[in-house]
Amino acid sequence: MSKLVTIYGGSGFVGRYIARRMAKAGWRVRVAVRRPNEAIFVKPYGVVGQVEPILCNIRDDASVAAAMSSADAVVNCVGILAEDGKNRFDSVQAEGAGRVARLAAEQGITSMVHVSAIGADETSESSYARTKALGEAAVLEHMPNAVILRPSIVFGPEDQFFNRFADMTKLGPVLPVVGADTKFQPVYVDDVAQAAEKALTQGVAPGIYSLGGPDVASFRELMEIMLETIHRRRAVVNIPFFAAKAMAFGFDMIQILSAGLIKNGMITRDQVKNLAKNNVVGDAEKTFADLGIQPTTMASILPEYLWRFRPSGQYDAIKRSAKNLRT
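The present account deals with the structure reproduced in this document. Every value quoted in this text rests on a predicted model; they were computed, and no experiment measured them.

About the criteria used
Residues numbered from 1 in each chain as written. Predicted model: local features only at pLDDT ≥ 70, side-chain atom pairs only at ≥ 80, totals over all residues. Heavy atoms only, no water. Helix = DSSP H or I, 4+ residues; strand = E, 2+ residues; numbered from the N terminus. Buried < 20%, exposed > 50% of the residue type's maximum accessible area, 1.4 Å probe, protein only. Lys, Arg positive; Asp, Glu negative; His and termini not counted. Salt bridge = Lys/Arg side-chain N within 4 Å of Asp/Glu carboxyl O. Polar contact = N/O pair within 3.5 Å; in protein donor to acceptor, adjacent residues only side chain to side chain. Contact = heavy atoms within 4.5 Å. Expected span 1.5 Å × (residues − 1). Arc of directions from axis to C-beta. Pairing = 2+ DSSP bridges. Axes fitted to C-alpha atoms, helices over the stretch in contact; angles between N-to-C directions. Right-handed = clockwise from strand over helix to strand, strands pointing away. Core = buried A, V, L, I, M, F, W, Y, C linked by side-chain atoms within 4.5 Å.

**A closer look at the side chain of R30**
Link 1 in the chain: Along the chain, R30 falls in strand β2 (residues 28-33).
Link 2 in the chain: Buried charge R30 goes without a salt bridge, the closest partner of opposite sign being D72 at 8.9 Å.
Link 3 in the chain: A polar side-chain atom of R30 sits 2.8 Å from the main-chain carbonyl oxygen of A67.
Link 4 in the chain: Sequence-distant contacts of R30, defined by excluding residues within four places in its chain, comprise L4, V5, T6, I7, E52, I54, A66, A67, M68 and S69.

Spelled out as structure tokens, the structure:
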């Protein structure tokens, strides 16, 4: 019988790519999510019955244990960028990750991949970065042979980075950013999925792998690359950190005072703290090279999904070409 992998958060941005790759590798895939009805789209990744979304709450022992029953391996992709309701950084990224590892060890599962993030640091002022590090420690405590993947900012068709800022260009001639000089090393989502697949199917050495793409650029430079890709001219304006902190405090307070009815979809105080630090692969760390993977460039992927933000969308190239025709 084919091997079975349970992917927690398997319908999320990174998780769905891992699910697709594991299905193509011949594994049965159990996608453990809070809303399985919204994860039906994963079923066509394999043949009938090969990929199945199931209900799971990563904050609950019984739910997590049931989702991994009879599994040969587990992958944890669950993470949040901002706190909302009961989904707090501690409960999801620290306790949740530890819960998956502990229960996997209790069930005799020996193979685990945990998706963390570059910048994970137990001493960080950012709750996001601190709980990512605490989650890693909890995973290694129970599953010392686990493979931990630390990607930089992840890009791809469903990303919430380039898509978000490209959409903002429709609002006016100015594109505001916080931390314009902060360095990033964007990594293609399917490269991260390939790393997870190799860890599960080829028995790579356990440990922490920092995953960054071939391009290192500042936030401002990334926005300029995006603007060039979508054929738009906008002034990239840096918001000083002192101003960003004040803005984020206001947005956070609105969410708190409205009891969560009005979400902070702009920027949180915790995100401002993260944007103050570079998000790149450090020296002497295991990387894609140690996995035998050549990371994909932004230039080869961004035009494939950002074209819809061009002034004339799919017809933009035709119109630009037509301008060169002689009348």
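Still more ground to cover, so stick around.
**Here we look at helix α8 (residues 241-257)**
Link 1 in the chain: The first and last C-alpha atoms of α8 sit 24 Å apart over 17 residues, in line with the 24 Å expected at 1.5 Å per residue.
Link 2 in the chain: When we look at burial in α8, the residues that qualify are A244, A248, D252 and Q255. Along the axis of α8, the buried residues cluster in a sector spanning 65°; they form a single face. Relative to its buried face, α8 has exposed residues pointing more than 90 degrees away, namely F242, A246 and L257.
Link 3 in the chain: On the buried face of α8, the contacting elements are β8 (174-178), β13 (235-239) and α9 (269-275).
Link 4 in the chain: Just beyond α8, the residue with positive phi is A259, at close to 55°.

**A look at the sheet that holds strand β11 (residues 207-211)**
Link 1 in the chain: Strand order across the open sheet formed by 7 strands is β3-β2-β1-β4-β5-β6-β11, with parallel pairing between neighbours. Both edges of this open sheet fall to β3 (51-55) and β11, since each of them pairs with a single strand only. Each adjacent strand pair in this sheet contributes to an overall mean axis angle of 20°, direction not counted.
Link 2 in the chain: As judged from the 5 bridges shared by strand β6 (residues 147-151) and β11, these two strands associate in the parallel manner.

**Notes on the side chain of R99**
Link 1 in the chain: Within the secondary structure layout, R99 lies in helix α3 (residues 89-106).
Link 2 in the chain: Look at R99 and you get buried, because its relative accessible area is 12%.
Link 3 in the chain: Engagement of the side chain of R99 in a polar contact is seen with the side chain of D61, the distance being 2.5 Å.
Link 4 in the chain: Filtering out sequence-adjacent residues up to four positions away, R99 remains in contact with I58, R59, D60, D61 and V64.

**Description of the pattern of salt bridges**
Link 1 in the chain: With the rule as written, the count across this model stands at 12 salt bridges.
Link 2 in the chain: We note a salt bridge from E197 to R21, for which the minimum N-O separation is 2.8 Å. Here E197, found in helix α6 (residues 189-201), pairs with R21, found in helix α1 (residues 13-24); they are 176 residues apart in sequence, far enough to count as distant.
Link 3 in the chain: Residue classification places E197 among the buried positions, given a relative accessible area of 17%.
Link 4 in the chain: Between D252 and R269 there is a salt bridge whose closest N-O contact spans 2.8 Å. Taken as a pair, D252 in helix α8 and R269 in helix α9 lie far apart in primary sequence, 17 residues in all.
Link 5 in the chain: Of the residues examined, D252 reaches a relative accessible area of 12% and is grouped as buried.
Link 6 in the chain: In this structure, a network of salt bridges that share partners links the residues D61, R99, R102 and E106.

**Focus: the pairing of β6**
Link 1 in the chain: Burial runs high along β6: 5 of the 5 residues are buried.
Link 2 in the chain: By the alternation rule, side chains of β6 split into V147, L149 and P151 and I148 and R150, which are all buried.
Link 3 in the chain: Sheet topology note: the strand β5 (residues 111-115)/β6 ladder contains 3 bridges and is parallel. Along β6, the bridge assignment pairs V115 with L149.
Link 4 in the chain: In this fold, β5 hands off to helix α4 (residues 127-142), which returns the chain to β6; that crossover is right-handed.

**Observations concerning the nonpolar core**
Link 1 in the chain: Among the nonpolar cores identified, the biggest contains 71 residues, and I18, F162, M223 and M226 are the most heavily contacted of them.
Link 2 in the chain: Membership of the second largest hydrophobic core comes to 26 residues, among which are L4, A71, F89 and A146.

**So, unusual backbone geometry**
Link 1 in the chain: In this model, H231 sits at a positive phi of 60°, which is unusual for a non-glycine residue.
Link 2 in the chain: The topology assignment puts H231 in the loop between α7 (219-229) and β13.
Link 3 in the chain: In this structure H231 comes out as partly exposed when scored by relative accessible area, which is 28%.
Link 4 in the chain: Backbone geometry at A284 places phi at a positive 60°, although glycine is not the residue there.
Link 5 in the chain: Relative to the helices and strands, A284 resides in the loop between α9 and α10 (288-291).
Link 6 in the chain: Exposure remark for A284: the relative accessible area of 90% places this residue in the exposed category.

Keep in mind these numbers describe shape, not what the thing actually does.
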